[in-house]
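Structural overview for review
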Amino acid sequence: CNRLKQFDESLTWLTKWNERSPGDINGVNLTGKTLFLSGKEKDALDLWHGFLKNAGYDINYTKILAYSAIEVKGFETAISLLEKGKEVSGKPIYFLLDLGYLYGYVMQFDKAAEAYVELLQLEPGQAGQIEGRIKSTSNNPDAVKEYIKAFEKVDDPGEAALRVLFSLYIDQRLFEKGLQT
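Model, not experiment: these values are computed from the prediction. What you see as residue numbers is a count from 1 along each chain, following the sequence as written. Local features in this predicted model are restricted to residues whose pLDDT is 70 or higher, and side-chain atom pairs enter the listing and the counts only when it is 80 or higher, whereas totals over whole chains, interfaces and linings include all residues. Think of the side-chain values as coming from all heavy atoms in the structure, minus any hydrogens and water.

Here the focus is the confidence of the model for the chain. Confidence per residue, as judged by the predictor, is encoded in pLDDT with a range of 0 to 100. On average, residues of the chain score 90 in pLDDT, and 96% of them reach the 70 mark or higher. Taken element by element, the predicted model of the chain shows its lowest mean pLDDT in helix α11 (residues 175-180) (72) and its highest in helix α4 (residues 59-71) (97). Numbering of helices and strands runs from the N terminus; a helix is a DSSP stretch of H or I covering at least four residues, while a strand is a stretch of E covering at least two.

Structure below.
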């Protein structure tokens, strides 16, 4: 089984690939995954951020590399890539659903709730998606508290935000609050 973990040899070949084809997302992706699997998570993150910086944090490239980080259980790395992409691209709508899901997965429910609220304010049509994502963690009492708190804080909630909040209230058997919504 030692032959399966020949990271140095793989990195040598991948370095040659990247030298021959600079800017190739596939080579950068595989190199980052190999670095991550070999225990060099920081090097992988540096490589991916460097590549994305040169690519202007292209939405598709950022998502490809974030999903690769998820594949190798690098959830914090994926969050870092998506947060930077959200900030630099100027198009947060393309990152918020994934960020909400990842924050929920790593049990940072307050940040998950913030991402979902922000997305809903930018794109009310995402209410169904957001509701589905929230329901996947709503059996956790800490998660539900954070989601309700975040949606209650919305200053001028639109129909979509109220729909999600109503759903949370009903799921938690807070019928009186639900009726007031």
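Relative to the elements of secondary structure, Leu-81 occurs in helix α5 (residues 75-89). A C-alpha to C-alpha distance of 8.2 Å links Leu-81 and Leu-45, two positions 36 residues apart in sequence. By definition in these notes, contact holds between two residues if any of their heavy atoms fall within 4.5 Å. Leu-81 has contacts with Leu-45, Trp-48, His-49, Leu-52, Thr-62, Leu-65 and Ala-66, leaving out every residue within four places of it along the chain.

Once that is clear, we can look at the pattern of salt bridges. We define a salt bridge as a side-chain nitrogen of Lys or Arg found within 4 Å of a carboxyl oxygen belonging to Asp or Glu. Under the definition given, this model contains eight salt bridges. Here Glu-131 makes a salt bridge to Arg-163, at a shortest N to O gap of 3.2 Å. Taken as a pair, Glu-131 in helix α8 (residues 127-135) and Arg-163 in helix α10 (residues 159-171) lie far apart in primary sequence, 32 residues in all. Each of Glu-83, Lys-86 and Glu-118 takes part in one network of salt bridges that share partners.

The subject of this paragraph is the side chain of Thr-62. Position of Thr-62 among the secondary structure elements: in helix α4. Relative accessibility thresholds used throughout: buried, under 20% of the residue-type maximum; exposed, over 50%; partly exposed, between the two (1.4 Å probe, protein chains only). A relative accessible area of 0% places Thr-62 in the buried class. At 2.8 Å, the side chain of Thr-62 and the backbone oxygen of Asp-58 are in polar contact. Any pair of N or O atoms that falls within 3.5 Å is considered a polar contact. Within protein, one atom must be able to donate a hydrogen and the other to accept it, and sequence-neighbouring residues count only if both atoms are side-chain atoms.

Any Phe, Tyr or Trp ring, taking Trp's six-membered ring, that has another such ring centre within 6.5 Å forms a pair; planes under 30 degrees apart are called stacked, those over 60 apart edge-to-face, and the others tilted. This model, assessed by the stated rule, comprises five aromatic pairs. When the centroid spacing of 6.5 Å and the interplanar angle of 70° are considered together, the rings of Phe-109 and Tyr-147 count as edge-to-face. Of this pair, Phe-109 sits in helix α7 (residues 109-122) while Tyr-147 sits in helix α9 (residues 141-152), and the two are 38 residues apart along the sequence. Residue classification places Phe-109 among the buried positions, given a relative accessible area of 7%. When the centroid spacing of 6.1 Å and the interplanar angle of 45° are considered together, the rings of Tyr-116 and Tyr-147 count as tilted. Taken as a pair, Tyr-116 in helix α7 and Tyr-147 in helix α9 lie far apart in primary sequence, 31 residues in all. For the pair Tyr-116 and Tyr-147, one class covers both residues: buried. Put simply, the rings of Phe-75, Tyr-101 and Tyr-105 pair up and form one aromatic cluster. In this analysis the charged atom, NZ for Lys or CZ for Arg, is taken to sit over a ring once it is within 6 Å of the ring centre and within 35 degrees of the ring normal. If you follow Lys-16 out to its NZ or CZ, it ends over the ring of Trp-13, 4.8 Å from the centre.

Here we come to α7. With 14 residues, α7 extends 20 Å between its outermost C-alpha atoms, agreeing within 8% with the 20 Å of an ideal straight helix rising 1.5 Å per residue. Turning to α7, its buried residues are Phe-109, Ala-112, Ala-113, Ala-115, Tyr-116, Val-117, Leu-119 and Leu-120. Multiplying 1.5 Å by the residue count of a helix minus one yields the expected span of that helix.

This brings us to unusual backbone geometry. In this structure, Tyr-57 takes a positive phi of about 50° despite not being glycine. The topology assignment puts Tyr-57 in the loop between α3 (41-54) and α4. With a relative accessible area of 5%, Tyr-57 lands in the buried category. Look at Met-107: it is not a glycine, yet its phi comes out positive at around 65°. Residue placement: Met-107 occurs in the loop between α6 (93-105) and α7. For Met-107, a relative accessible area of 56% corresponds to the exposed category.

By the element assignment, Leu-174 lies in the loop between α10 and α11. Between the alpha carbons of Leu-174 and Lys-91 there is a distance of 35 Å; along the sequence they are 83 residues apart. Apart from residues no more than four positions distant in its own chain, Leu-174 is found in contact with Ile-148 and Tyr-169.

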